[in-house]
Amino acid sequence: MTSETHKEAGPQELASALVAGSALTSDWLPSFTAVPRELFVPERIWPGIADGSRQNPAVYRSRDPDAWRRAVYSDIPLTTQWDDGNHEGDGLGTTPTSSNSMPTMVVSMLRDLNVRPGDRVLEIGTGTGWNAGLLAHRLGDPNVVTVEFDPEVARSARENLRRAGLEPTVIEGDGRDGWAAGSPYDRVIATCSLLDIPPAWLEQTVPGGVIVAPFGTEYGGEQIVRLTVSDDGTSASGGFTGGSAFMRLRQQRTERPPFDEYLHGIAWPADGVKSTTTLSPWDTGTWFQQFVIGLGVPGVFWRAERYENDAYTLWLYSRDRQSLASADYERDRTEYEVYQSGPRRLWDEVEAAYRWWAGQGRPGNERFGLTITPQGQTAWLDSPDNPVPQHG
């Protein structure tokens, strides 16, 4: 629907666009109107674009109020912090680490949460406080607890919430732990992406309660999962509802070892075994394809080394630093050169995961789901009885 091309600059215009796009539902409209986004956006922001692929230069409210307001009331994410607060200056930092999320994503996840009057909600990842403010307006301050790891971000969120006349409980702490003192909760929502759903969240949620969270894989890609906690409270299961691109929970960020640690001083292809493939590396590269591959290939991540004419090398790495692979892409080719080294044949694994997905008819996110038990988590297709095969 609308994104960076939206030219109006006000809460009513944004609300109308979100309603027209079926993201904002009538039950959330009063809170969305009463808790305007601008109260939760700081003086300086870096506007993004709807797909999260780019950040624009910094915009200051005091210097260019019209541009600031246009950004605030557009359906785009707004970065408010880089590099865990260590970034200086108005340029782009290395990694966005706090933001005011894209409004479509905010209201879509709140819709997935399906709150009822009197529900108690735990939010993980306070950020600017806007999401907590919407929840507090609808459910009442005493029914909302939000946890933020960064003390400065938490302090700012409290100020924003007070400015809006709202006072949910804001806790500084490790989001993986939830907040047991306020439990049990009927609903849990995370505004940061996860590789693993923390057990504490299940323990603090009532049987039949709902957990909504962005769930990603180390390989890439991310989807919103909606889990329902079992009657005995020991497990949870549910499907994916749509794509997302949130910042990773700090304690679950994937370490990216330096390239040299894989080569041990030996020039590539070192001891790599050469082969060819008819699967184009390009065909494995969409956000959703990365997600599906990641479900079946644990402990693997990638980067692309780009050249002229859209050519590139897809590098694949194992988290344990033991395996490495490369696949070279060039336009108009039908075979692609591959080298693989180490105990895992990483390209073979990626190709097997991709071909499994293609063989199932290229299913979309609506056919995938996730189950969490004390023994771990399992992704599945169509039913928990049909787990995604593991290739690593």
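Details of the structure are given in the entry above.
Residues numbered from 1 in each chain as written. Predicted model: local features only at pLDDT ≥ 70, side-chain atom pairs only at ≥ 80, totals over all residues. Heavy atoms only, no water.

Trainee: Break down the overall build of the chain for me, with residues and values.
Mentor: Secondary structure summary: the chain contains ten helices and 18 strands in total. The C-alpha radius of gyration computed for the chain amounts to 22 Å, which stays within 12% of the reference 21 Å derived for 392 residues, consistent with globular compactness. Along the first, second and third principal axes, the C-alpha atoms of the chain reach 65 × 55 × 40 Å. A burial count over the chain gives 53% of its 392 residues as buried. In the chain, once contacts between residues fewer than 6 apart in sequence are set aside, the share between residues at least 24 apart is 61%. Carbon and sulfur atoms make up 48% of the accessible area of the chain, which amounts to about 17200 Å² in all. In the chain, which carries 35 positive and 53 negative side-chain charges, the distance between the mean positions of the two groups comes to 2 Å. (Helix = DSSP H or I, 4+ residues; strand = E, 2+ residues; numbered from the N terminus. Rg over C-alpha atoms; globule rule 2.2 N^0.38 Å. Buried < 20%, exposed > 50% of the residue type's maximum accessible area, 1.4 Å probe, protein only. Contact = heavy atoms within 4.5 Å. Areas by Shrake-Rupley, 256 points an atom, 1.4 Å probe, with all protein chains shown as cover. Lys, Arg positive; Asp, Glu negative; His and termini not counted. Charge placed at Lys NZ, Arg CZ, Asp CG, Glu CD.)

Trainee: Can you tell me about the packing of aromatic side chains, naming the residues and giving the values?
Mentor: With the rule as written, the count across this model stands at 16 aromatic pairs. Taken together, a centroid distance of 6.0 Å and an interplanar angle of 90 degrees make the contact between tryptophan 46 and tryptophan 82 edge-to-face. Remark: tryptophan 82 occurs in strand E3 (residues 78-82) and tryptophan 46 occurs in strand E1 (residues 44-47); sequence separation between them is 36 residues. Using a relative accessible area of 5% as the deciding quantity, one classes tryptophan 82 as buried. Taking the centre distance of 6.1 Å and the plane angle of 70 degrees together, the rings of phenylalanine 288 and phenylalanine 368 count as edge-to-face. Taken as a pair, phenylalanine 288 in helix H9 (residues 287-296) and phenylalanine 368 in strand E17 (residues 368-373) lie far apart in primary sequence, 80 residues in all. Under the relative-accessibility criterion, phenylalanine 368 is labelled buried at 1%. Clustering of aromatic rings is evident, with ring pairs tying together Phe215, Phe240, Phe288, Phe291, Tyr354, Trp356, Trp357 and Phe368. (Phe/Tyr/Trp six-rings, centres within 6.5 Å; stacked < 30°, edge-to-face > 60°.)

Trainee: Residues and numbers for the environment of alanine 352, please.
Mentor: Position of alanine 352 among the secondary structure elements: in helix H10 (residues 346-359). Once the C-alpha coordinates of alanine 352 and isoleucine 293 are considered, the two residues, 59 residues apart in sequence, prove to be 8.7 Å apart.

Trainee: Lay out the sheet that holds E1 with the relevant residues and their values.
Mentor: A sheet is described by the order of its strands in space; here four strands give the open sequence E2-E1-E3-E4, paired in antiparallel fashion. Two strands bound the open sheet, and with one partner strand each, they are strand E2 (59-60) and strand E4 (96-100). Sheet topology places E3 next to E4; four bridges connect them, and they run antiparallel. Pairing of threonine 79 across the sheet is with serine 99, part of E4. (Pairing = 2+ DSSP bridges.)

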